[in-house]
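In case you want the letters, here they are:
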Amino acid sequence: MARIAYVNGRYVKLAKAVVNIEDRGYQFGDGIYEVFYAYRGRLIDEALHFARLERSRGEIGLTAPMGEAALRVVIHELMRRNRVQTGLIYLQLTRGVAKRDHAFPMPKPRSALTLTVRPKPEPPEELSGWSAAAITLEDERWGRCDIKSINLLPNVLARDAAKQAGALEAVLFDAQGMVTEGATSSVWMVGPDNVLRTRALDQHVLPGCTRAALLADVAAEGLEFQEQAFSLEELRAAREIFITSATSFVKPITRLDGMPVGNAAPGLIASRLYARYLARLKEG
Ligand code: PDD
């Protein structure tokens, strides 16, 4: 079946879906994006994703192409046309088409909205086959990583370096040796003291929607938890490491820079949180 994309008000075959080469997203990376996971027709952590989209949009002064209710209709229509019930929805919004000039074009062009959908398997019941390896790399991104910008070159380079090293994710650390996040995920660790930690939100990390939703599960499990930055050194001594995102759900990192994390198997805390995550998916 041909895949269908949404391009500025039209549903078109993916192979025929095109944007203008003077689109500012194409020329400057002047845009933002969102990735939603749909499970059996339902958008997971929907309100969080829409709120983040709205925040990213506001932070760089893009015009909203439509309201949230209309956008929901477009997403569900795109899923229907692609016959995808469980999958990933990629949404991109750019400042639109204008003669190349770095400053914002005046009058404002219509912002450009494009969406694609692709199927993604349901999360596995067992975590053992879901774990992955990671490497560590210096964070070379800009100072506003809280905006979900389409400027992803440092993330792309980091993920490819991970791939070349036989790993999946790159865990990034700043000039002070403190972990920021993964190239495409939020990073969590459990220390030798059994305390679960993830960095507090600031301008150096994306406010992950999966992260936000998981905080309720952490509380429900009664886990000892600190929303606090940790160093690379502390990460290396972790009992457990896991990442979260719309695409990786809760994914244990069992090898870091080629060394085993804990006993190199998914840890107890990751397993408990993954079970909660699955229950949330299924219960709605
Ligand atoms: N990435 N941090 C970064 C840098 C990310 O790119 C992502 C998500 C996250 C986790 O956010 P969430 O839990 O809302 O998915 C954290 C998406 C999946 C991507 O770029 O494909």
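Described below are features of the structure shown in this document.

Procedures and definitions
- Residue positions within a chain follow its written sequence, with the count starting from 1.
- Only residues with pLDDT of at least 70 are given local features in this predicted model, and only at 80 or more are side-chain atom pairs given and counted; all residues enter the totals for whole chains, interfaces and linings.
- The side-chain numbers reported here are obtained from all heavy atoms of the structure, hydrogens and water having been left aside.
- Under the DSSP-based scheme used, a helix requires at least four consecutive residues in state H or I and a strand at least two consecutive residues in state E, with every element numbered from the N terminus.
- Per-residue accessibility, obtained with a 1.4 Å probe over protein chains only, is compared with the maximum for each type, and a residue is labelled buried under 20%, exposed over 50%, and partly exposed between these values.
- Residue contacts follow a heavy-atom distance rule, with two residues in contact if any of their heavy atoms lie within 4.5 Å.
- Computed with a 1.4 Å probe, the accessible areas rest on the Shrake-Rupley method; for each residue, only the protein chains presented here act as cover.
- Only four residue types enter the tally: Lys and Arg on the positive side, Asp and Glu on the negative side, with His and both chain ends excluded.
- The atoms used to mark charge sites are NZ of Lys, CZ of Arg, CG of Asp and CD of Glu.
- Definition of nearness: a residue and a molecule or strand are near each other if at least one heavy atom of the residue lies within 4 Å of the molecule or strand.
- The definition of a polar contact used here is a pair of N or O atoms within 3.5 Å, where within protein one atom must be able to donate a hydrogen and the other to accept one, and adjacent residues in sequence count solely through side-chain atom pairs.
- Under this grouping Gly is polar, as are all residues other than the nonpolar Ala, Val, Leu, Ile, Met, Phe, Trp, Tyr, Cys and Pro and the charged Asp, Glu, Lys and Arg.
- The term salt bridge refers to a side-chain nitrogen of Lys or Arg lying within 4 Å of a carboxyl oxygen of Asp or Glu.
- Axis definition: a line fitted to C-alpha atoms, limited for helices to the stretch in contact. Angles are taken between N-to-C directions and run from 0 to 180 degrees.
- Our angle categories are set so that under 35 degrees counts as roughly parallel, over 145 as roughly antiparallel, 65 to 115 as roughly perpendicular, and the remainder as oblique.
- Each crossing is labelled by how the near helix is turned from the far one, with a counterclockwise turn of less than a right angle marking it left-handed and a clockwise turn marking it right-handed.
- Expected span, for any helix, means 1.5 Å times one less than how many residues it has.
- This arc is taken over the directions from the axis of the helix to the C-beta atoms.
- What we call a nonpolar core is a set of buried Ala, Val, Leu, Ile, Met, Phe, Trp, Tyr and Cys residues that are connected through their side-chain atoms within 4.5 Å.

### Considerations on the overall build of the protein chain
Helices and strands together make up the secondary structure of the protein chain, namely seven helices and 15 strands. Considered along the principal axes of its C-alpha atoms, the protein chain spans approximately 55 × 40 × 35 Å. In the protein chain, which comprises 284 residues, the proportion classed as buried is 49%. Look at the contacts in the protein chain between residues 6 or more apart in sequence, and 73% of them connect residues 24 or more apart. Looking at the protein chain as shown, the accessible area adds up to about 13,700 Å², and 54% of this sits on carbon and sulfur atoms. Side-chain charges in the protein chain split into 37 positive and 33 negative, and the spacing between the mean points of these groups amounts to 9 Å.

### Side note on the site of the ligand
In the vicinity of the ligand lie 20 residues, with Tyr33, Glu181, Cys209, Thr210 and Ala246 positioned nearest. One of the side-chain nitrogen or oxygen atoms of Glu181 is found 2.7 Å away from a nitrogen atom of the ligand. Here an oxygen atom of the ligand sits 2.6 Å away from a polar atom, N or O, in the side chain of Thr210. Counting residues per element, the ones that place at least two in the shell around the ligand are β3 (31-39), α2 (46-59), β9 (179-182), α5 (209-220) and β13 (240-245). Residues that form the shell around the ligand fall into these classes: six nonpolar, 10 polar and four charged.

### With respect to the pattern of salt bridges
Under the counting rule described, the total for this entry stands at 25 salt bridges. We note a salt bridge from Arg80 to Glu77, for which the minimum N-O separation is 2.8 Å. Taken together, the positions of Arg80 and Glu77, both in helix α3 (residues 68-82) and three residues apart, correspond to about one turn of that helix. Note that Glu221 and Arg272 form a salt bridge whose closest N and O atoms lie 2.6 Å from each other. Placement of Glu221 in the loop between α5 and β12 (225-227) and of Arg272 in helix α7 (residues 268-283) is noted, with a sequence separation of 51 residues between them. What makes Arg272 partly exposed here is its relative accessible area of 31%. Salt bridges sharing partners connect three or more residues here, namely Arg55, Glu59, Arg144 and Asp146.

### Description of the packing of α2 against α3
Close contact between α2 and α3 brings their axes to 12 Å; oriented N to C, the two are set at 120°. With respect to α3, the axis of α2 lies oblique. Every pair of crossing elements has a handedness; the one defined by α2 and α3 is right-handed. Along the contact surface, α2 presents Glu46, Phe50 and Leu53, while α3 presents Glu68, Leu71, Arg72 and Ile75.

### Remarks on helix α4 (residues 153-164)
A rise of 1.5 Å per residue sets the reference length of α4, with its 12 residues, at 16 Å; its end C-alpha atoms lie 16 Å apart and thus fit the reference within 8%. Along α4, the residues classified as buried are Asn155, Ala158 and Ala162. Projected down its long axis, α4 carries its buried residues within an arc of 65°, all on one side. Of the exposed residues in α4, the ones pointing more than 90 degrees away from its buried face are Leu153, Leu157, Lys163 and Gln164. Here the buried face of α4 lies against β7 (132-138) and β8 (169-173). Positive phi appears at Gly166, one or two residues downstream of α4, with a value of about 75°.

### Here we look at the nonpolar core
One recurring pattern in soluble globular proteins is that nonpolar side chains are buried together. In this structure, Tyr37, Leu196, Phe242 and Leu273 are the most contacted members of the largest nonpolar core, which totals 26 residues. Put simply, the parts of the chain that give this core at least two residues each are β3, β10 (186-190), α5, β14 (249-256) and α7. The greatest single-element share of this core, amounting to seven residues, is contributed by α7. Not counting the four nearest positions on each side in its chain, Phe242 is found in contact with Ser186, Val187, Trp188, Leu196, Leu214, Val250, Lys251, Pro252, Ile253, Ile269, Ala270 and Leu273. With 23 residues, the next largest nonpolar core counts Ile4, Leu43, Ile60 and Leu93 among its residues.

Interpretation in functional terms is not warranted from these geometric data alone.
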